[in-house]
Amino acid sequence: MTNLILPSAMNSLRGSLADIISQGQKRAPYFSVLLSDRHSLEIVVNNREERVTERPPHAGTVLSAFDGETMRERAIAGFDRDKVNSAMQELVSGVSFAKYAPAVSAPRRGDFVTPMQTDPSTLSVQEKLDRVREMQHFAKGLDPRIVNCQMLYRESNEYSVFANPNTDVGQRVLRIVLYMFVFVAGEDGQVRYNWQSKGATGGWEQAQFSEEEMRKVIDGAVALLTAERIEPGEYQFISAPGVSGVIAHESFGHGVETDMFIKERAKAAHFIDKVVGSSLVNIYDDPSLPGAYGSFFFDDEGMESSSTQIVENGLFRRGITDFYSATALDIPRSSNGRRQDYSRKAYARMSNTFFGKGNSSLEDMIAQVDHGIYLDKWSSGMEDPKGWGIQVTCHYGHEIKGGKITDRVFAPIGISGYVPDVLGSVSAVSNQFKLDPGGCGKGHKELVSVSSGGPHLLMKARLG
Amino acid sequence: MMLQKIIEALKARNELSGWSVRHNVTREAQVYLIGQKMEAQRLTGEENFRIEVFRQKTGPDGKVGMGAGEVTLLPDGNVAEAIDTASLVADLVSNPVYSLPAPAAIPDVPLLDEDVSRDPLGALDRVTRDMLAAASKLDGARLTSAEAFAEIGTVHHVNSRGVDAEQTSSSVSLEFVVQAKKGDQEVESFRELTRRRVSDLDIESEVTRYARFTRDLLEAGAPPAWQGPVVMRNNLLATFVAGDYLSPGVLQTLGSAGAKYAKASTWEVGQSVFRGEVTGDPFTFWANRAIPYGITSDRFDLEGLPAQRVEIVRDNKVTTFAASQRYADYLSLVPTGAFGGVELSAGKWETASLLEEPYVEIALFSWFNPDNITGDFSSEIRLGYLVENGVRKPFRGGQLVGNFLDALANVRLSKETGFLGHYLGPTTARFGNLKVAG
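Here's what I pulled together on the structure shown here.

Thresholds applied
- All residue numbers refer to positions counted from 1 along the written sequence of the respective chain.
- Going through the entries in the order they are written, you letter the chains from A and number the ligands from 1.
- In view of the model being predicted, local features appear only for residues whose pLDDT reaches at least 70, and side-chain atom pairs are presented and counted only at 80 or more, with totals across whole chains, interfaces and linings using the full set of residues.
- Note that water and hydrogens are dropped before the side-chain values are worked out from all heavy atoms of the structure.
- By the criteria applied, helices consist of DSSP H or I runs no shorter than four residues and strands consist of E runs no shorter than two, each listed in order from the N terminus.
- In this description the radius of gyration comes from C-alpha coordinates, and the expected globular size is given by 2.2 Å times residues to the power 0.38.
- A simple rule labels every residue: compare its accessible area, found with a 1.4 Å probe on the protein chains alone, to the largest value its type can have, and call it buried under 20%, exposed over 50%, or partly exposed in between.
- Here a polar contact means two N or O atoms within 3.5 Å. Within protein one must be a hydrogen donor candidate and the other an acceptor candidate, and residues neighboring in sequence count only if both atoms are side-chain atoms.
- Note on definitions: a residue-residue contact is assigned when non-hydrogen atoms from the two residues lie within 4.5 Å.
- Lining residues are those with an atom within 4 Å of a point, where the points come from a 1 Å grid over the protein atoms alone and group into cavities, where a 1.4 Å probe fits but cannot get out, or pockets, open sets with protein on both sides within 12 Å along at least five of seven lines.
- Grid points are joined across faces, edges and corners, and a volume is the space filled by probe spheres set on the points.
- Three categories are distinguished: nonpolar for Ala, Val, Leu, Ile, Met, Phe, Trp, Tyr, Cys and Pro, charged for Asp, Glu, Lys and Arg, and polar for the others, with Gly belonging to the last.
- In this tally Asp and Glu are treated as negative and Lys and Arg as positive; neither His nor the chain ends contributes.
- Any carboxyl oxygen of Asp or Glu that lies within 4 Å of a side-chain nitrogen of Lys or Arg is treated as forming a salt bridge with it.
- What counts as buried area is the accessible surface, traced by a 1.4 Å probe, that two parts surrender upon association, with contributions from both included.
- When DSSP finds two or more bridges between two strands, those strands count as paired.
- Note on geometry: axes are lines fitted to C-alpha atoms, helical ones only across the stretch in contact, with angles between N-to-C directions running from 0 to 180 degrees.
- Here, nonpolar core means buried Ala, Val, Leu, Ile, Met, Phe, Trp, Tyr and Cys residues that are tied together by side-chain atoms lying within 4.5 Å of each other.
- Here the expected span of a helix is defined as 1.5 Å times the quantity of residues minus one.
- In these notes the angle categories are as follows: under 35 degrees is roughly parallel, over 145 is roughly antiparallel, 65 to 115 is roughly perpendicular, and the rest is oblique.
- When the near helix sits turned anticlockwise from the far one by under a right angle, the crossing is termed left-handed; a clockwise turn instead gives a right-handed crossing.

## Focus on the overall build of chain B
Summing up its helical and strand segments, chain B has ten helices and 20 strands in all. For 438 residues, the compact-globule formula gives about 22 Å, and the C-alpha radius of gyration of chain B, at 24 Å, lands near that figure. Taken along the three principal axes of its C-alpha coordinates, chain B extends 75 × 55 × 35 Å. Put simply, chain B has 438 residues, and 60% of those count as buried.

## Quick word on the side chain of Asn 194 of chain A
Residues and elements named next belong to chain A. Positionally, Asn 194 belongs in strand S7 (residues 191-201). For Asn 194, a relative accessible area of 1% corresponds to the buried category. One polar contact links Asn 194 to Tyr 396, side chain to side chain, over a distance of 3.5 Å. Excluding anything up to four places from it in sequence, Asn 194 contacts Met 180, Phe 181, Val 182, Lys 216, Val 217, Gly 220, Ala 221, Lys 377, His 395 and Tyr 396.

## Some remarks on the environment of Thr 214 of chain B
Inspection of the secondary structure puts Thr 214 of chain B in helix H5 (residues 203-219). If we skip the residues at most four places from it in the chain, Thr 214 of chain B touches Val 178, Gln 179, Ala 180, Val 187, Glu 188 and Ser 189 of chain B.

## Examining the layout of surface pockets
Approximately 1100 Å³ is the volume attributed to the second largest pocket. At the level of elements, helix H1 (8-14), strand S1 (30-45), strand S2 (50-66), helix H4 (125-140) and strand S5 (146-164) of chain A together with strand S3 (64-73) and helix H2 (79-92) of chain B are the ones that each hand at least two residues to the lining of the second largest pocket. For the lining of the second largest pocket, the class distribution of residues is 16 nonpolar, eleven polar and seven charged.

## Focus: the side chain of Arg 349 of chain A
Looking at the element boundaries, Arg 349 of chain A is found in the loop between strand S13 (347-348) and strand S14 (352-355). At 4.2 Å, Glu 257 of chain A is the nearest oppositely charged side chain to Arg 349 of chain A, a buried residue that forms no salt bridge.

## Structural notes on the interface of chain B and chain A
Residue-level contacts link 67 residues of chain B with 68 residues of chain A. Taking both partners together, chain B and chain A bury about 6100 Å²; carbon and sulfur atoms supply 48% of that area. When the buried surface of chain B facing chain A is broken down by residue, Glu 39, Arg 42 and Leu 92 of chain B rank first, second and third, together holding 11% of it. Here chain B is connected to chain A by twelve salt bridges. One salt bridge connects Arg 229 of chain A with Asp 376 of chain B, and the closest N-O pair in it is separated by 3.7 Å. Broken down by element, the side of chain B that touches chain A gets its largest block of residues, twelve residues, from strand S2 (residues 37-58) of chain B. Looking at side-chain class alone, the side of chain B that touches chain A contains 27 nonpolar, 19 polar and 21 charged residues.

## A few points about the pairing of strand S16 (residues 399-403) of chain B
Residues and elements named next belong to chain B. Summarising burial for S16: five of the five residues are buried, a large majority. Side chains Gln 399, Val 401 and Asn 403 project from S16 onto one buried face, and the interleaved Leu 400 and Gly 402 project onto a second face that is buried too. Direction of pairing for strand S14 (residues 376-388) relative to S16: antiparallel, over a ladder of five bridges. Bridge assignment links Phe 377 to a residue of S16, and that residue is Gly 402. The pairing of S16 with strand S20 (residues 428-437) spans three bridges and is classified as antiparallel. From the neighbouring strand, Val 401 faces S20, where its bridge partner is Lys 435.

## Considering the sheet that holds strand S18 (residues 417-419) of chain B
All names here are of chain B. Spatial ordering of the open sheet is given by S11-S10-S9-S12-S19-S18, a layout of six strands whose pairing is mixed. The open sheet is flanked by strand S11 (317-318) and S18, the only strands paired with a single partner. Of the pairings in the sheet, the one linking strand S12 (residues 341-344) to strand S19 (residues 423-426) comprises two bridges and is parallel in character. In the sheet register, Glu 343 faces S19, and the bridge partner there is Leu 424. Helix H6 (residues 234-242) rests against S12 and S19 of the sheet, and its axis sits at about 110 degrees to S19.

## Regarding the sheet that holds strand S11 (residues 315-316) of chain A
Residues and elements named next belong to chain A. Here we have six strands laid out as an open sheet, ordered S11-S10-S9-S14-S21-S20, and mixed in their pairing. Since the sheet does not close on itself, it has two edges, and those belong to S11 and strand S20 (434-442), each with one partner. The sheet contact formed by strand S9 (residues 283-285) and S14 spans three bridges and is antiparallel. Bridge pairing links Asp 285 to Thr 353 in S14. Relative to strand S21 (residues 445-454), helix H6 (residues 241-252) is tilted by about 130 degrees, and along the sheet it contacts S9, strand S10 (308-312), S11, S14, S20 and S21.

## A few points about the nonpolar core
Judged by nonpolar contacts, the single largest core of 61 residues is most densely connected at Met 232, Trp 267, Phe 285, Leu 400 and Phe 431 of chain B. Top contributing element to this core by residue count: H6 of chain B, with six residues. In this structure, Trp 267 of chain B is in contact with Leu 251, Leu 254, Gly 255, Lys 260, Val 273, Phe 285, Ile 312, Val 313, Val 318, Phe 321 and Leu 405 of chain B, ignoring residues within four places of it in sequence. Of all hydrophobic cores here, the second largest spans 43 residues; its members include Phe 261, Val 276, Ile 390 and Leu 423 of chain A.

## Some details on the pattern of salt bridges
For the structure on display, the rule yields 59 salt bridges over all chains. One salt bridge in this structure joins Asp 84 of chain B and Arg 13 of chain B, with 2.5 Å as the shortest N-O distance. Of this pair, Asp 84 of chain B sits in helix H2 while Arg 13 of chain B sits in the loop between helix H1 (2-11) and strand S1 (18-34); the two residues are 71 residues apart in sequence, bridging distant segments of the chain. A salt bridge links Asp 406 of chain B to Arg 275 of chain B; the nearest nitrogen and oxygen atoms lie 2.6 Å apart. Here the residue Asp 406 of chain B occupies a position in helix H10 (residues 404-408), and Arg 275 of chain B occupies one in the loop between helix H8 (257-261) and strand S9 (285-288), the gap between them amounting to 131 residues. Overall, Asp 406 of chain B belongs to the partly exposed group, its relative accessible area being 34%. Within the structure, one salt-bridge network assembled from shared partners comprises Glu 257, Asp 259, Lys 263, Arg 344, Lys 442, Lys 445 and Glu 446 of chain A together with Glu 28, Glu 147 and Glu 175 of chain B.

## Some words on the environment of Asn 3 of chain A
Residues and elements named next belong to chain A. Here Asn 3 lies in the segment before H1. We classify Asn 3 as exposed; its relative accessible area is 62%. Each C-alpha atom, one on Asn 3 and one on Gly 372, is 53 Å from the other, the two residues being 369 residues apart in sequence.

## Considerations on empty space enclosed by the protein
Overall, the coordinates contain three cavities of 30 Å³ or more when judged by the stated rule. Reported here for the second largest cavity is a volume of approximately 80 Å³. Around the second largest cavity, the lining residues are Met 71, Glu 73, Glu 301, Asp 322, Tyr 324, Arg 339, Lys 345 and Ala 346 of chain A together with Glu 39 and Ala 40 of chain B. Of all the elements in the fold, those that place two or more residues in the lining of the second largest cavity are strand S3 (71-77) of chain A together with S2 of chain B.

## Focus on the environment of Trp 367 of chain B
Residues and elements named next belong to chain B. Examined against the element boundaries, Trp 367 turns out to sit in the loop between strand S13 (359-365) and S14. The class of Trp 367 is partly exposed, set by a relative accessible area of 22%. For the pair Trp 367 and Ser 378, spaced eleven residues apart in sequence, the C-alpha to C-alpha distance is 9.9 Å.

## A closer look at helix H5 (residues 211-224) of chain A
Residue and element names in this part refer to chain A. With 14 residues, H5 should reach 20 Å at 1.5 Å per residue; the first-to-last C-alpha distance of 20 Å fits that figure. Every buried residue of H5 is accounted for by Met 214, Val 217, Ile 218, Gly 220, Ala 221, Val 222, Ala 223 and Leu 224. Contact partners of the buried residues in H5: H4, S5, strand S6 (167-185), S7, strand S16 (389-401) and strand S17 (404-410).

## Considering the packing of helix H4 (residues 120-136) of chain B against H5 of chain B
Residue and element names in this part refer to chain B. Closest axis-to-axis distance for the H4/H5 pair is 9 Å, and the angle between their directions is 40 degrees. By the criterion of interaxial angle, the relationship of H4 to H5 is oblique. Crossing of H4 against H5: the hand is right-handed. Of H5, the residues touching H4 (which contributes Val 127, Asp 130, Met 131, Ala 134 and Ala 135) are Ile 203, Glu 204 and Val 207. A class-by-class count of the residues in the contact of H4 with H5 yields six nonpolar, no polar and two charged.

Written out as structure tokens, the structure reads:
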């Protein structure tokens, strides 16, 4: 068994969970406990200042009891046994839960820890700060037009224990993310900026930008000094992996979260086993992907992580679920019941969402485009699960003319269209694969760590 | 008492040049509905102590530098260990020296709904009942799901210069979805709003308005190719001008001393914020943390600076920047504290005169998210209207394309003003020349 070392108060309460669950279960046949401690360290260095911040931790206990219709929960800050006991008594009294009988599952025990070469907790803050300073110092000297260059390092430790009558699992998930922002000034005094992020579940070894990666960020910012607005219209375009990922995330990520099915908010509910894209389109959500930023070993409802194929060769197969929606819809669970932290509800949420790889080379794909756009970088996206409209905003894109990428740059560029039309237009999928780390909200709240990406896609949509 | 214990421990640390502590206590009720059925009900709470310590040291170049270290302590945490950690970090970091806020009069900005404070779950029960009652009157549309949250937060802020201030605030958030159906076609509208008082949610009119939008979506056609006057009103105008309150907009970014210090803002005091000729109303705005019951209002901010109403731009020219104590010291500005809400000066136009046909009115964006540094935007329109020849024709799709500051340089604003959570100002704006890419 993996040597999981939990924070001491959490570990102490874990020893009492069997008793708390036993008592809770007498009144509520579905009774579970989640212990969750999430804390992070952030280091920021730019040309003018530096900061080291321990971001406010969220540590607490969630007690859940389900009566077949309503999930009732008490979320208690910290891991005090007496407070948790008292909340358990309050939660299960006065409401009849007995009408719901959960299916009996096989006993499951286990502890899991993110594999890593160097655990950041074994390094001093000084060592981490020095690495970030070194990268920032190197990057800021790469171009005289840089007026500010910021390097951000964040390590997030997520400890959790999930327990119910048949389950007692624990995990430590360590997420590392690195951002580089660069601001450049043009001759007219205008400022343009660009950024790059890389993230993973892993150790300190992930925290490094190469010179090539840094130069790419700076080149992007400099190119924006002469960027034009694109003439709105329908274009053939190639999406970089990050842009492909946002399209997957907003269309068949948010659009297939099955809590949206029971709220009748998802058009996808009417498209199971129907065509939603070209036969080249495959979309997955996979929290078990080793090293990916959105990965975990089990979700916040105790479900062991595994891959879900959402779209298979252009056919929509299934959505991603949390416990409540899977129960209400009587469909198989996937490991996507996630919470922002202990103080928030679990919903069906994404993890690592991506298009599957294809067989084309990027060079061949570019050569197929007579007049179009290479969309380099995304900046935001918004879901529309009911209307299947797509809105993805790209920070910038390059012109493709005569099968070659030119120096002409457009910014910003919005992609819009009807999801099945856009995915139906996919005519080539590259053999490369990359994931971008990010944060995902449900509407404007409930942030969780995710990644999205995939290969390059060649397709058509309206750009403006 | 834990706060006192922390303060005593901080006072005893000779290596610190300053410190602050914030004791945060929140309690929250959450209710989730599917149709009229309760999907989930949750009660939650949180308490922590945010400690920030400062140390000064002389570098090898003889310059005095300053470092800050922050740590958050839970109620059962080890005080000495936490301060050790923060102090160690403060010793590692070196920035130009800045000061901590000194004690000052704290304005009595109203922030609390007493009913919510007494019984958050009871308040949510009334909110959801009012919402369902409003929904029961809808014709041709139905409310299908909702979430409601009520939170009470108390902050006690103390620093080493003698600031000792306390505030309690409430917030009530409501999200709901309204759907409509015609044949095979189904459409929906989603509304999220947060206010400090239940009475400011204006539930019945919000439900009714969004039901109308939803019914109009059923009739909506393709977007027109349009370049010309574009009208925005009420909540949509607030979002355009001031962002959604969770993600600040262009004005908060370019008007902040932090962005100026980072060289991300090119605004200069005394200079116009516009790059070309101003053909619309003169532009004046304030960063206002003292808007009564404003959702970005407070009595004091994270550093302990009192709430203020600060003029950032007067007649198109920058007056000052919204500056925390730190950036005020760095840029030799007067510290104003956090930005708060956006207050725009009233215009001179009757609303009716701003609705001269033809024009396009935007009712809903998918998400209005301009580039906060350049102001450029390209945002999908979820619902708009082309108003011409006495006909108001709904459309959906297409993008509103332009630049935020260029748009403000050519705008006419209504005399009529309103309070919309994080925005106080004209309720109707007519932008002279914006493009809808169909």
